[in-house]
Amino acid sequence: MTRILGIETSCDETSAAVLEGAGDDVRVRSLVILSQDVHRVFGGVVPEIASRAHLTAIVPVVEQALADSGSNDVDAVAVTNAPGLVGALLVGVAFGKAFAFARQVPMIGVHHMEGHLFATVLEDAAAVPPFTALLVSGGHTLLIDVEAWGRYRLLGRTRDDAAGEAFDKVAKLLGLPYPGGPHVERIAALATTPGAQDRPRGGALRFARPMLRRDQRPGDAEYYDVSFSGLKTAVLNAVKASPSEADRAPIARAFQDAVVDTLVEKTARAAHAYRRRRVVLGGGVACNGALVSAMRERFARDGVDVFAPTPRLATDNAAMIARAGLFHLERGERSGLDLNAFAAMPIPGLVAA
Ligand code: KG4
Ligand code: ZN
């Protein structure tokens, strides 16, 4: 059994966690997440401010995680080293190295998106491979077939904006605060019927589903990929056409419906093609209740189980990093004190479809 410290500083959360266990039997002993609220003032994450805030927070956050876990001892350290804001990542990486060196324990660098794949299993032991994974965060939209831990096949990705990024930009267009996802969801829920009643021809407001033609076949370049920038433009045009406050709800609803429909269909294609019985969601957009219900509804008829993490583990956190790190350590992998931070990097073990 290993007690592992996880550290996550890739974007605007300073997080530390202590996990204990082996194989697929792992418990979260503590999890501290400090969200950098300051970026709200700027309507988005300011990299230099994020780095400085991580510097201020990293020591107390780790100390709190150790204290909450009931013991100061750990056998290993896992730290996010890619992808993300390099200055932000470096704070965690530098801390992780110093900690590992001082305590003479092994350290492992973890890919942030691989961490998201491991978040759900911390809450539900059944969320293990093989499964179809949909990772939807502020920076990434990835559809991955997970044959086993460490064996990943990239099926689809976004051609432009990430799903979370689309929610954030649409929130801005609707005059809602950053980060916009939860606000768009809240406003969309106010639209009882999709679309305003006084639309031309009386129809509900509906946006085109990007990259979603029913005649697409496996092997088509667009079969699994998504694209959200056109949808964003459609929202902009709708806002210009009806600037009244009352129209915000139907617009938010029509946008969310289009995103959800697209993500559900692409995920269903992947699960079907690889005959998976489980679908695992991850990333901040997996907090979206409409997305999770639509997934469950779509897959219920096929007897496929849909797993979604609770918001605390769906968004950025160090528990998922520790969990992914433990997997790699158990395979005998180690990072040296020359571990570096990278803005972009492929997930280890990921092959193209
Ligand atoms: O995974 P995450 O915490 O950070 C990244 O790694 O990017 O994801 C943050 C993203 C933001 O774009 C945020 O607007 C979105 O997740 N998000 C949501 C919801 N809650 C957070 N999007 C839609 N509906 C939500 N309820
Ligand atoms: Zn993330």
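None of these values were measured; they are calculated from a predicted model.

Our next topic: the nonpolar core. The nonpolar side chains of soluble globular proteins are, as a tendency, buried together. Core analysis: the biggest nonpolar cluster contains 49 residues, and F207, F255, L263 and M295 have the highest contact counts within it. Sort the elements by how many residues they give to this core and helix α7 (residues 248-273) lands first, with 13 residues. Excluding its chain neighbours within four sequence positions, the residues that come into contact with L263 are L134, V136, T141, A163, V226, F228, L291 and M295. By size, the runner-up hydrophobic cluster in this structure holds 39 residues, among which are V26, A78, F131 and A322.

Along the chain, T9 turns up in the loop between β1 (2-8) and β2 (13-22). Ignoring anything within four residues of it in the chain, the contact list for T9 reads T14, H54, I58, A88, L89, V91 and G92.

What follows deals with helix α6 (residues 229-241). Given 3.6 residues to a turn, an α-helix orients residues that are three or four positions apart in the same direction. Taking 1.5 Å of rise per residue, the 13 residues of α6 would be expected to cover 18 Å, and the 19 Å separating its terminal C-alpha atoms lies within 8% of that figure. If you check which residues of α6 are buried, you get L231, K232, V235, A238 and V239. Around the axis of α6, the buried residues are gathered within 120 degrees of arc, so they sit on the same side. Set apart from the buried face of α6 by more than 90 degrees, the exposed residues are K240 and A241.

So, about a nonpolar patch on the surface. A surface patch of nonpolar side chains, amounting to about 290 Å² of accessible area, comprises V38, V41 and F42. Judged by its relative accessible area of 35%, V38 is partly exposed.

What follows concerns the coordination of the zinc ion (ligand 2). Protein coordination at the zinc ion (ligand 2): the donors are H112 (NE2), H116 (NE2) and D316 (OD), at 2.1 Å from the metal. As a motif over one chain, the donors of the zinc ion (ligand 2) read H-x3-H-x199-D. Residue H112 is located in helix α3 (residues 112-117), and its partner D316 is located in the loop between α9 (311-314) and α10 (318-330); the two are separated by 204 residues in the primary sequence. This pair shows no difference in class: H112 is buried, exactly as D316 is.

Neighbouring residues of ligand 1: 20 residues in total, closest G138, D168, G181, E185 and G284. D168 is positioned with one of its side-chain polar atoms (N or O) 2.6 Å from an oxygen atom of ligand 1. Considering ligand 1 on its own, with 550 Å² of exposed area, one finds that the protein chains cover 88% of that surface. Put simply, the parts of the chain that give the shell around ligand 1 at least two residues each are α3, α4 (163-173) and α5 (181-188). Tallied by class, the residues present in the shell around ligand 1 amount to 5 nonpolar, 12 polar and 3 charged.

Predicted confidence across the protein chain gives a mean pLDDT of 94, with 97% of residues reaching 70 or more. Low confidence marks residues 195-202, where pLDDT is under 50. Its contacts with residues over four positions away, or in another chain, come to 12 contacts.

Attention now goes to the side chain of E265. Residue placement: E265 occurs in helix α7. In contact with E265, not counting residues within four places along its chain, are L212 and R214.

Scanning all chains against the criterion turns up 6 aromatic pairs. With centroids separated by 5.8 Å and ring planes inclined at 35 degrees, the aromatic side chains of F118 and F327 adopt a geometry described as tilted. You can see F118 sitting in the loop between α3 and β6 (131-136) and its partner F327 sitting in helix α10, a full 209 residues away along the chain. For the pair formed by F118 and F327, the shared burial category is buried. On the numbers, 4.8 Å between centres and 70 degrees between planes, the contact of Y223 with Y224 is edge-to-face. Like Y224, Y223 is buried. An aromatic cluster is present here, built from F118, F131, W149 and F327 joined pairwise through their rings. Sitting above the plane of the F299 ring, R298 keeps its charged end 5.9 Å from the centroid. A cation sits over an aromatic face here: R323 above W149, 5.9 Å from the ring centre.

Inspection of the secondary structure assignment puts V105 in the loop between α2 (86-103) and β5 (107-111). The class for V105 is buried, based on a relative accessible area of 15%. Sequence separation of V105 and L31 is 74 residues, and the distance between their C-alpha atoms is 20 Å. Once residues lying within four places of it in the same chain are set aside, the contact partners of V105 are V74, D75, A76, V77 and A100.

Quick notes on the rules
- Residues numbered from 1 in each chain as written.
- Chains lettered and ligands numbered in written order.
- Predicted model: local features only at pLDDT ≥ 70, side-chain atom pairs only at ≥ 80, totals over all residues.
- Heavy atoms only, no water.
- Core = buried A, V, L, I, M, F, W, Y, C linked by side-chain atoms within 4.5 Å.
- Buried < 20%, exposed > 50% of the residue type's maximum accessible area, 1.4 Å probe, protein only.
- Helix = DSSP H or I, 4+ residues; strand = E, 2+ residues; numbered from the N terminus.
- Contact = heavy atoms within 4.5 Å.
- Expected span 1.5 Å × (residues − 1).
- Arc of directions from axis to C-beta.
- Patch = residues over 30% accessible without salt bridge, like charges linked within 9 Å, V, L, I, M, F, W, Y side chains within 5 Å.
- Areas by Shrake-Rupley, 256 points an atom, 1.4 Å probe, with all protein chains shown as cover.
- Salt bridge = Lys/Arg side-chain N within 4 Å of Asp/Glu carboxyl O.
- Donors = N, O, S within 2.8 Å, 3.2 Å for Na, K, Ca; no water.
- Near = heavy atom within 4 Å.
- Polar contact = N/O pair within 3.5 Å; in protein donor to acceptor, adjacent residues only side chain to side chain.
- Nonpolar A, V, L, I, M, F, W, Y, C, P; charged D, E, K, R; others polar.
- pLDDT = per-residue confidence, 0-100.
- Phe/Tyr/Trp six-rings, centres within 6.5 Å; stacked < 30°, edge-to-face > 60°.
- Lys NZ or Arg CZ within 6 Å of the ring centre and 35° of its normal.

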